[in-house]
Each structure stands twice: as structure tokens, then as C-alpha cells.
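Next come the chains, spelled out residue by residue.
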Amino acid sequence: MSYQVAVLAGDGIGPEVMAEARKVLAQVEKRFELQIGYQDYDVGGVAIDNHGCPLPEATLKGCEAADAILFGSVGGPKWENLPPNDQPERGALLPLRGHFELFCNLRPAKLHAGLEHMSPLRADISSRGFDVLCVRELTGGIYFGKPKGRQGEGEAEEAFDTMRYSRAEVRRIAKIAFEAAQGRRKKVTSVDKANVLACSVLWREVVEDVAKDYPDVTLEHIYIDNATMQLLRRPDEFDVMLCSNLFGDIISDEIAMLTGSMGLLSSASQNSKGFGLYEPAGGSAPDIAGLGIANPVAQILSAALMLRHSFKEEEAAAAIERAVSKALSEGYLTGELLAAEQRADAKRTSEMGDFIAQAIAEGV
Ligand code: NAD
Ligand code: IPM
Ligand code: MN
């Protein structure tokens, strides 16, 4: 089969980790006889520098023409002082999510075998492992609600964001969570703040209603503040966590770190037609950009999600995941996963990509 991918590597560590994902995909293409065409486009800060805007027309058109978007990360200190809508995040990433109606964001986090001691969790908790899928609503809520802005002057100046959800928006993401749970451990934990927010009250009502169509799935509700704490106490009891846009953003960084590093969490953002953007859940990591030490695993696993969800190439996706597991379980790790005294053994970004690509070539 042949596919076209728009590659938007972006800023900071984006191009570094994207190079490793491409290396791995090249081996996957050989082994599984896939033909994947790639077109690179500028996005984010690099697009501001080269073209004067974070999401140039050519980039958007290229994404529209492609079968999927493989995205790195955008943003960084250089562009932080531009007007908000001209910045990489608000001027490129959010508009891309909105333009393609990528309402469904899947962020799968599990504690990899061999990495139990890299988790910041207490040993008796991490030894039980965990496997959580964060299902995050991605095109609504306080990120996109109108009005949004500032008004007034001096000490009277105020800023405002609007949190808004329709029944239809909640329903479509809730269905995704229940369907995902049916293929897993059959439990949905819906995360909200229904003791304070009107949006969360509606969210609960709709989720309860959707649950009636999935009698085999257990539903529980949890407040966001309690959720962040229970994840530290008993992560193994969560299966699918259904979250609104902002709460999913917070939960996903937490579950990433529980696995040992932000650099392990992949993400798939899809619309109702199955078109998707695949990106690491973490950002451009300006603190380590350019050093060749970023963990490319989140980007590589995001490529696997692209193969699975957009191209239905399950075998190829699973091979990438096995190759990543092999690297991690054999202690082939980048520095952020290691304790300070072990960092001399840390692998570089490109060494991780080489190892994972090689494992695929060897038929893992
Ligand atoms: P970040 O995720 O970039 O970094 C947080 C911490 O995690 C840093 O210490 C970083 O070094 C570490 N980290 C992240 N990814 C890593 C990897 N692959 N390997 C090793 N360590 C990794 O979050 P931030 O510092 O809050 O944001 C930096 C910039 O990235 C900001 O401009 C932010 O808006 C942007 N951002 C972009 C995206 C995206 O493009 N999807 C996502 C999140 C943040
Ligand atoms: C993420 C990021 C983005 C978000 C930012 C960069 C807009 O943090 O994908 O988690 O908040 O959704
Ligand atoms: Mn985030």
C-alpha cells in the first residue's frame, strides 16, 4: 500500500526526534513492503522565521493533500513574546487541530517492563504497573470557547476565557472512550469538576447517557483534583480516562511522567473521518534542544499510532512497539530516564533510533 505523509517537525527537539522516527519508518517500509511518501513543511517558530507566520498556506495545503500528519513540536522562548495569536502554539498547532476537527486525542501510557524503577512512583506502587489510555477532547472546552481575550485598562484590565461544551461534543468523545474501553479492561473514569463547573455537570449527564449503550463497561466519575492524586496512589486501577481538553492536557503530562519521562508519551489526534495528526504529547523541550539527547520514543510511537489508526497497518505498528519495548527492557535509555549517577551510560537520540530501526530490520 502507498501513503502520503505531511511531516511537520517544528521547533526545538522536534527535528531531532523526527529524524529518528523517519529512520524507524524506513525500516518498517522495507520489512512490511509499504510505500510511504514524505513531504516536509515548516510549522511553528521555524515557519515564523522563514515565512513570517506559524502556519503558512503551503503547510496547510500540504496537510490537506496528505493521508496523515506526522508532527514534532512547536514553540520556544524565541517566539514567546509575540502577540498570542501569532505564537507557534496558538497560531499553528491549535488552528491545525481546529481546521481538521481533530476532536479525538488518544494518549496511551503504560509502565514499560524494565522501567519500573525509573518511575517516580514509590516501589510498592510502581511494581504493580499500570496501563492508562487518556482520551482527551481536543477541539472544544476552554481552549476554543469564545469569547476569549482582554479588555479594560490599568488595574481594571481583565482577561477572560470561555469554557463551553455542547452535548454533541461530549457525546462523540465519550463514545470513543467507551469503545476503547471495550477493547481493554472495560472501565471508563470520566474526569471532571462537576462540583464547580456547569460544563462538567453537562459532561457527567451526557457521559451517563452514553454509558447506557455500553453495559459491559464500568463507568466511574472523578474530580480532576482527586484524579491527579489517585494517579499517584493507585495508577493500576485506571483504564480509560475520559477528559475534557484542559483536564486531559494536565492528566497526560502526569501519566507521561509516571512512566518515567515526558519523552515516552505518544499521541494520536483524529477527526470523525479517521484523518489524524500524530505527535509526542510533550513539547519542544528548549532546555535540551540541540544537544542530541532528547528521547525519540514518543515520536517513534506516534509514528506507530499513525500506521495503526490512519493506515490500518497493525502489524507494522506492533513491530515498532515491540522494538521500542526491546530497547527499554534492555536498558537502552536516554539520560532523562536515568538517575544522575547512571547518566554516563545514557544513549543519545540517534543511538535510540538506530537500535529501534535495527530491531525492526532483524524481525523483532
Ligand atoms: P516540554 O514538554 O517541552 O518540556 C518539559 C520537560 O520535559 C523539559 O524538562 C524537557 O526537557 C522534558 N522533555 C520533553 N520531551 C522530552 C523528550 N522527548 N526527551 C527528554 N526530555 C523531554 O514542556 P514546556 O517546557 O512546558 O514547553 C516548551 C515549549 O514547547 C513551549 O513553547 C510549549 O508551548 C511547547 N509545547 C509544544 C507542544 C507541541 O508542539 N505539541 C506540546 C507541549 C508544549
Ligand atoms: C499538548 C500541548 C498543547 C496543548 C499546547 C502546546 C497548545 O501542551 O499537546 O499537550 O495544550 O494541547
Ligand atoms: Mn500538554
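Residues numbered from 1 in each chain as written. Chains lettered and ligands numbered in written order. Predicted model: local features only at pLDDT ≥ 70, side-chain atom pairs only at ≥ 80, totals over all residues.

As recorded by an unreviewed UniProt entry, the protein carries the name 3-isopropylmalate dehydrogenase and is attributed to Shewanella gelidii. Taken directly from UniProt, the Pathway (unreviewed entry) text for the protein runs: "Amino-acid biosynthesis; L-leucine biosynthesis; L-leucine from 3-methyl-2-oxobutanoate: step 3/4." Recorded in UniProt under Catalytic activity (unreviewed entry), the annotation for the protein is "(2R,3S)-3-isopropylmalate + NAD(+) = 4-methyl-2-oxopentanoate + CO2 + NADH". (UniProt positions renumbered as here; feature names shortened; annotations may be inferred.)

Comments concerning the site of ligand 2
Taken together, Glu 89, Leu 93, Leu 94, Asp 249, Ser 252, Ala 281 and Gly 283 make up all the residues around ligand 2. Ranked by the residues each element gives to the shell around ligand 2, the list is headed by helix 4 (residues 88-99), at three residues. Broken down by class, the residue content of the shell around ligand 2 amounts to three nonpolar, two polar and two charged. (Near = placed C-beta within 6 Å. Helix = DSSP H or I, 4+ residues; strand = E, 2+ residues; numbered from the N terminus. Nonpolar A, V, L, I, M, F, W, Y, C, P; charged D, E, K, R; others polar.)

Some thoughts on the site of ligand 1
In the vicinity of ligand 1, 23 residues are found, and the nearest of them are Gly 75, Gly 263, Gly 282, Gly 283 and Asn 295. A breakdown of the residues in the shell around ligand 1 according to their chemical character gives 10 nonpolar, nine polar and four charged.

What about the UniProt feature "domain: Isopropylmalate dehydrogenase-like" (unreviewed entry) in the protein?
Here the UniProt-annotated "domain: Isopropylmalate dehydrogenase-like" (unreviewed entry) positions come out as residues 4-356. Helix makes up 41% of residues 4-356 and strand 17%, with an end-to-end C-alpha separation of 23 Å.

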